Amino acid sequence: MTDTTDTRSHMPLGLAQRGYTGVIQHLAAKEAGSALSDVELESRLIELGFVEGARVEILHEGLVGRDPIAVRVDSTTIAVRRREAMAIIVA
Amino acid sequence: MEAPLLHLALVGTPNSGKTSLFNALTGSRQKVANYPGVTVERKEGFFVTPFGRQVSVVDLPGTYSLRGRSPDEEITRDFVLGKASGETLPDLVLCVADSTNLRLTIRLLLELKRTGRPMILVLNMFDIASRRGITVDFERLAKALGVPVVTSIAVRKGGTADLLKLTDEISAKLAVEPVENSWRALSVSELRATQREADRIIADCVSLPARPDTWTARIDAVVLHPVGGLIVLALILFVMFQAVFAWAQPAMELLKSGFDSLGELVQATLPDGLLQSFLQNGVISGVGSVIVFLPQIILIFLFILLLEDFGYMARAAFLMDRIMGGAGLHGRAFIPLLSSFACAIPGIMATRVIDNKRDRLTTILIAPLMTCSARIPVYTLIISAFIPAKDIWGFVNLQGLVMFGLYATGIVSALLVSFVIKFFMIRDFAPAPFMLELPDYKMPRLKSVAIGIFTRAKMFLYRAGTTIFSMMVLIWFLASFPQPPAGATEPAIDFSLAAMIGKALEPLLAPVGFNWQIAVALIPGMAAREVAVAALGTVYAIEGGKEAVEQIGQVLATKWSLATALSMLAWYIFAPQCASTLAVIRRETGSWAWMGVTFAYMLVLAYAASLVTYNVAVALGAG
């Protein structure tokens, strides 16, 4: 994956690499395949500050499978697994 | 007329500095207990305001919302709604925010407002926020939120003065007519709406500089590096265990010689006989042999509390998540398992941070396999008696290597057991999510850490004074009665109840190389592992006379074969020799069955490991 910052199409945060910065477009809990129910996953993401319009940046990645990721969400840093981050659609 | 006790409740997100504010307000005037029926810790403290108002303050579990998705969060919700059984509805709720990170707390506050409770927003850690260039228009913020706003610096002397003053002002004019509670569980769109409103209010009232905390970013560049981070973690663990073993030594020697001289004093002042034997062999050498481990317990909790307050524990969970995931464990299980090296009881209680039931159960089942500090006395005793203190390969101490091997075996077995559980129970589930805030690093506060250590040390000493003491009395009694007939030539203990019990059990334990004295020691060792050392001491002391007490290690070296000693070590890696751990498992899982499962699987592993160890050792000529 190369840096295609100018053609900003929507993508799940779960596919982004370290250093990626973007803005949350919407949440798509159905797409994530998380162990949580859609409503629960979406609620938790919102409670941790993942709402539309929030700026996100991937700061760090884990060793195995580049997972989990540490995401800067406005003024907070949150660790999530890529599986759950698939529910966060960014651009 | 004396004003009635004012009830305050502290509410906030995790990492908001709630607990350091609680410590700053109350100092050591704290009462730690459990909420009825659940194992959530209830922390209440007391203080007096400048106007002389008596205040009780409860530190509620951290939460991001009132949805109550874990027992901890349910407590917070029920408490604020006045639904918690046996609790008073708080007169005033202090909503505590980390001033550098207001978003999530302001959202929580907007939700809390619907409960109708009088509230103050406390902007904690305001000094850090100011240093970073964050400015707040307090009047505007208070107006937008509809609640008074005050700043505090919990870590500084006098940093809570404004908060205390405001509390006095508000409590003087607290509305008599109750405000209706209009809170109900928020839908997803309402959640989103409150977060949006919070963001709007913050944009309106708070000016944030663009730069995040540069220190945190710099430290994380190393600490969260995929490879470097793991090396740092390994180094931290290495230093921690080195400290627990090496640094604690002088203090332990001191305690030990203190108890020894106390024993000698008793021997010198009291006439020979039952009372002297009871005090010296039962009480002093028994309880003393356990209290000696206080320095190690303090050190391990010092490390755990420092790492927690610094903000490192969340990072460790981040680093270990996928690695532990391979064995079917959740990243958050790392903290409870690490605590289990001190003691499985706080470890098992700490599994509450894992909100998925299955992951939590797996962690609880394997936590007792982590080498807890109560095994240290047993390991140390046997290793120093049987393993020569020579260096191999020029720099590795053989005794230290064996110790390391015992720890490593415990960890590897825990991972294997977890893997088996995952394979049999939970194949068809997607892994539970790992979502965790990584807070900015903070200098740990001496006072907070000290209060934490003090609480743990008190619990340990309380246990030594109750459970262990009563076990030692029992052992002394069993080993001393019935008294030998006059003119008997064999050691007195051969006539005792302890010998009868031990000999009855001996056939069961003979295949793993245990003699009847070990069998006797293992029974009280069920109460707590370290008691076995004391019990062996008592058994051999009563058998061999008073000289034997001080050199229990030397006695063992003459009485046991190397194969027996190794078998005993193998036994102690696995054996469920701790009634308190089993009781906590019963309480935390709410089921006798899971306690039974733990007991059974550990016992089977212990017997098998000892059987193999003993027979291999005998075959190699160590019998």
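Here the structure is a predicted model, which means the values were calculated and not measured.

Student: Explain the overall build of chain B residue by residue, including any values.
Tutor: Counting its regular elements, chain B contains 25 helices and 12 strands. In terms of overall size, chain B behaves like a compact globule, its C-alpha atoms giving a radius of gyration of 28 Å where 623 residues would be expected to give roughly 25 Å. Along the longest, intermediate and shortest principal axes, the C-alpha atoms of chain B span 90 × 60 × 45 Å. Across the 623 residues in chain B, those meeting the buried criterion constitute 55%.

Student: Describe in detail the overall build of chain A, supporting the description with residues and values.
Tutor: The secondary structure content of chain A amounts to 2 helices and 6 strands. Going residue by residue from the N terminus, the α and β elements of chain A occur as β-β-α-β-β-β-α-β. Relative to a compact globule of 91 residues, whose C-alpha radius of gyration would be 12 Å, chain A shows 12 Å and is just as compact. Dimensions of chain A along its principal axes, counting C-alpha atoms only, are 35 × 30 × 25 Å. Counting every position in chain A, which comprises 91 residues, the buried fraction comes to 60%. In chain A, the share of contacts with a sequence separation of at least 24, taken over all contacts with a separation of at least 6, comes to 60%. For chain A, the accessible area works out to roughly 3,800 Å², and carbon and sulfur atoms hold 49% of it. Where the 10 positive side-chain charges of chain A centre and where its 13 negative ones centre are 5 Å apart.

Student: Go over the interface of chain A and chain B, please, and point to the residues and values.
Tutor: Listed by partner, the interface residues are 40 residues for chain A and 39 residues for chain B. When chain A packs against chain B, close to 3,500 Å² is buried across both sides, 59% of that on carbon and sulfur atoms. Arginine 67 of chain B serves as the salt-bridge partner of glutamate 40 of chain A, at 2.9 Å between the closest nitrogen and oxygen. Viewed at the interface, chain B and chain A are joined by 13 residue pairs in polar contact (both at pLDDT 80 or more). Taken together, the elements giving at least two residues each to the side of chain A that touches chain B come down to helix 1 (38-47), strand 3 (55-61), strand 4 (69-73), strand 5 (76-80) and helix 2 (82-85) of chain A. With 9 residues, the single largest contributor to the side of chain A that touches chain B is helix 1 of chain A. When the residues that make up the side of chain A that touches chain B are grouped by side-chain class, the tally is 19 nonpolar, 9 polar and 12 charged. Relative to strand 12 (residues 435-437) of chain B, strand 5 of chain A is paired through 3 bridges, and the arrangement is antiparallel. When the bridges of strand 12 of chain B are listed, alanine 79 of chain A appears paired with leucine 436 of chain B.

Student: Account for the pattern of salt bridges, naming residues and giving values.
Tutor: Residue and element names in this part refer to chain B. One pass over the full model with this rule turns up 27 salt bridges over all chains. Residue glutamate 87 pairs with arginine 42 through a salt bridge whose shortest N-O separation is 2.7 Å. With glutamate 87 in the loop between helix 2 (71-81) and strand 5 (92-98) and arginine 42 in strand 3 (residues 41-48), this residue pair connects regions lying 45 residues apart in the sequence. Assigned by exposure class, glutamate 87 and arginine 42 land together as buried. For glutamate 111, the salt bridge identified is with arginine 107, shortest N-O distance 2.8 Å.

Student: Give me the lowdown on the sheet that holds strand 5 of chain A, citing residues and values where you can.
Tutor: The 7 strands are arranged 1(A)-6(A)-2(A)-3(A)-4(A)-5(A)-12(B) in an open sheet whose pairing can be described as antiparallel. Bordering the open sheet on either side are strand 1 (11-12) of chain A together with strand 12 of chain B, each of which pairs with just one other strand. Of the strands in this sheet, strand 3, strand 4 and strand 5 of chain A together with strand 12 of chain B touch helix 12 (residues 312-325) of chain B, which is tilted by about 150° from strand 12 of chain B.

Student: Could you give me a rundown of the packing of helix 16 (residues 375-386) of chain B against helix 22 (residues 552-559) of chain B, with the residues and numbers involved?
Tutor: Two quantities define a packed helix pair, namely the angle between the helix axes and the distance between the axes. All names here are of chain B. Contact geometry for helix 16 and helix 22: axes closest at 9 Å, N-to-C directions at 60°. Between helix 16 and helix 22, the interaxial angle falls into the category oblique. Every pair of crossing elements has a handedness; the one defined by helix 16 and helix 22 is right-handed. Contacts between helix 16 and helix 22 involve Leu381, Ala385 and Phe386 from the first element and Ile552, Gly553, Leu556 and Ala557 from the second. Per-class residue counts for the contact of helix 16 with helix 22 are 6 nonpolar, 1 polar and no charged.

Student: Describe the packing of aromatic side chains, listing the residues and the values that go with them.
Tutor: Residue and element names in this part refer to chain B. Counted by the stated rule, this structure contains 5 aromatic pairs over all chains. Seen in terms of ring centroids, phenylalanine 126 and phenylalanine 138 are 5.6 Å apart; in terms of plane orientation they differ by 50°. Their pairing is tilted. Here phenylalanine 138 lies in helix 5 (residues 138-145) and phenylalanine 126 lies in helix 4 (residues 126-131), a separation of 12 residues in the sequence. Phenylalanine 138 sits in the partly exposed class, given a relative accessible area of 33%. A cation over an aromatic ring shows up here: arginine 218 above the ring of tryptophan 215, its NZ or CZ 5.0 Å from the ring centre. The ring of tyrosine 441 carries the charged tip of arginine 315 above its face, separated from the ring centre by 4.1 Å.

Rules used throughout
- Residues numbered from 1 in each chain as written.
- Chains lettered and ligands numbered in written order.
- Predicted model: local features only at pLDDT ≥ 70, side-chain atom pairs only at ≥ 80, totals over all residues.
- Heavy atoms only, no water.
- Helix = DSSP H or I, 4+ residues; strand = E, 2+ residues; numbered from the N terminus.
- Rg over C-alpha atoms; globule rule 2.2 N^0.38 Å.
- Buried < 20%, exposed > 50% of the residue type's maximum accessible area, 1.4 Å probe, protein only.
- Contact = heavy atoms within 4.5 Å.
- Areas by Shrake-Rupley, 256 points an atom, 1.4 Å probe, with all protein chains shown as cover.
- Lys, Arg positive; Asp, Glu negative; His and termini not counted.
- Charge placed at Lys NZ, Arg CZ, Asp CG, Glu CD.
- Buried area = accessible area lost by both parts, 1.4 Å probe.
- Salt bridge = Lys/Arg side-chain N within 4 Å of Asp/Glu carboxyl O.
- Polar contact = N/O pair within 3.5 Å; in protein donor to acceptor, adjacent residues only side chain to side chain.
- Nonpolar A, V, L, I, M, F, W, Y, C, P; charged D, E, K, R; others polar.
- Pairing = 2+ DSSP bridges.
- Axes fitted to C-alpha atoms, helices over the stretch in contact; angles between N-to-C directions.
- Parallel < 35°, antiparallel > 145°, perpendicular 65-115°, else oblique.
- Left-handed = near helix turned anticlockwise from the far one by under 90°.
- Phe/Tyr/Trp six-rings, centres within 6.5 Å; stacked < 30°, edge-to-face > 60°.
- Lys NZ or Arg CZ within 6 Å of the ring centre and 35° of its normal.

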